[in-house]
Amino acid sequence: MSNTELITPVAGEPGDYNIPVVQEFRTNGGKVGGMFEGAPLVLLTHTGAKSGRRRVCPVMYVEEDGRTLIFATNAGGPQNPSWYHNVLVNSEVTVETGTEVYRATAVVVEGAERDRLYAESAEKVPALADYQSKTERRIPVVAVRRLAD
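(A) Looking closely at the packing of helix α3 (residues 111-124) against helix α4 (residues 126-133). Viewed as axis vectors pointing N to C, α3 and α4 meet at an angle of 120°, and their least axial separation amounts to 5 Å. Between α3 and α4, the angle falls in the class oblique. In this structure, α3 uses R114, Y118, S121, A122 and K124 to contact α4, whose residues at the interface are P126, L128, A129 and Q132. Across the contact of α3 with α4, the residue classes break down as 5 nonpolar, 2 polar and 2 charged.

(B) Region of interest: helix α2 (residues 82-89). Along α2, the residues that are buried comprise W83, Y84, N86 and V87. Projected down its long axis, α2 carries its buried residues within an arc of 160°, all on one side. The exposed residues of α2 that point more than 90 degrees off its buried face are S82 and V89.

(C) Highlighting the sheet that holds strand β2 (residues 54-64). A barrel is described by the order of its strands in space; here 6 strands give the closed sequence β1-β2-β3-β6-β5-β4, paired in antiparallel fashion. In this sheet, adjacent strand axes meet at a mean angle of 45° when their direction is disregarded. The pairing of strand β5 (residues 101-109) with strand β6 (residues 141-146) spans 6 bridges and is classified as antiparallel. Note on β6: the bridge partner recorded for V107 is A143. Helix α1 (residues 19-27) contacts β1 (41-47), β2 and β4 (92-96) of the sheet and is inclined by roughly 120° relative to β1.

(D) The arrangement of the nonpolar core in detail. Counting residues in hydrophobic clusters, the biggest one holds 22 residues, and the most contacted among them are F71 and L128. Among residues more than four places away in sequence, those in contact with F71 are M60, Y61, V62, W83, Y118, S121, L128, P140 and V141.

(E) Region of interest: α3. Helix length check: α3 (14 residues) gives 20 Å between terminal C-alpha atoms against 20 Å at 1.5 Å per residue, within 8%. When we look at burial in α3, the residues that qualify are R114, L117, Y118, S121 and A122. Looking down the long axis of α3, one finds its buried residues gathered within 130° of arc, a one-sided arrangement. Residues A112 and E123 are exposed on α3 and point more than 90 degrees away from its buried face. Considering only its buried residues, α3 is in contact with β2, β3 (67-71), β5, α4 and β6.

Definitions and limits used
Residues numbered from 1 in each chain as written. Predicted model: local features only at pLDDT ≥ 70, side-chain atom pairs only at ≥ 80, totals over all residues. Heavy atoms only, no water. Axes fitted to C-alpha atoms, helices over the stretch in contact; angles between N-to-C directions. Helix = DSSP H or I, 4+ residues; strand = E, 2+ residues; numbered from the N terminus. Parallel < 35°, antiparallel > 145°, perpendicular 65-115°, else oblique. Contact = heavy atoms within 4.5 Å. Nonpolar A, V, L, I, M, F, W, Y, C, P; charged D, E, K, R; others polar. Buried < 20%, exposed > 50% of the residue type's maximum accessible area, 1.4 Å probe, protein only. Arc of directions from axis to C-beta. Pairing = 2+ DSSP bridges. Core = buried A, V, L, I, M, F, W, Y, C linked by side-chain atoms within 4.5 Å. Expected span 1.5 Å × (residues − 1).

Function-wise, these values are silent; they only describe arrangement.
What follows is the structure, given as structure tokens:
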């Protein structure tokens, strides 16, 4: 299986609630309505840490200095989303922007740089500040860098 092969969530499996968002994203060149309307989204395909299965999910992003920053918000829930745990184990991911698909590597941003990037990103995307206010955990920032083809 190519790492740029498009994966679709399967009904009855983890992440199946994302099926309509993924379909709408792909149909409309990266644009979606509903709760994500107007939010900057990419589709992140990652490999399950335990299962080894490839899964796809929508995530908010901000472009910064040639890299794509994604945020493990889980909508402000008390735990990090499963994709975050998966990229800690398997850092090679696929990113869909609506107009292109590319392989990338995901690296967690730590410390003062994480704090600066989250604060700057929350100014651009207010939902990020809202999600952080809903949880006691520190929402991780992950830098996604394109791999050479």
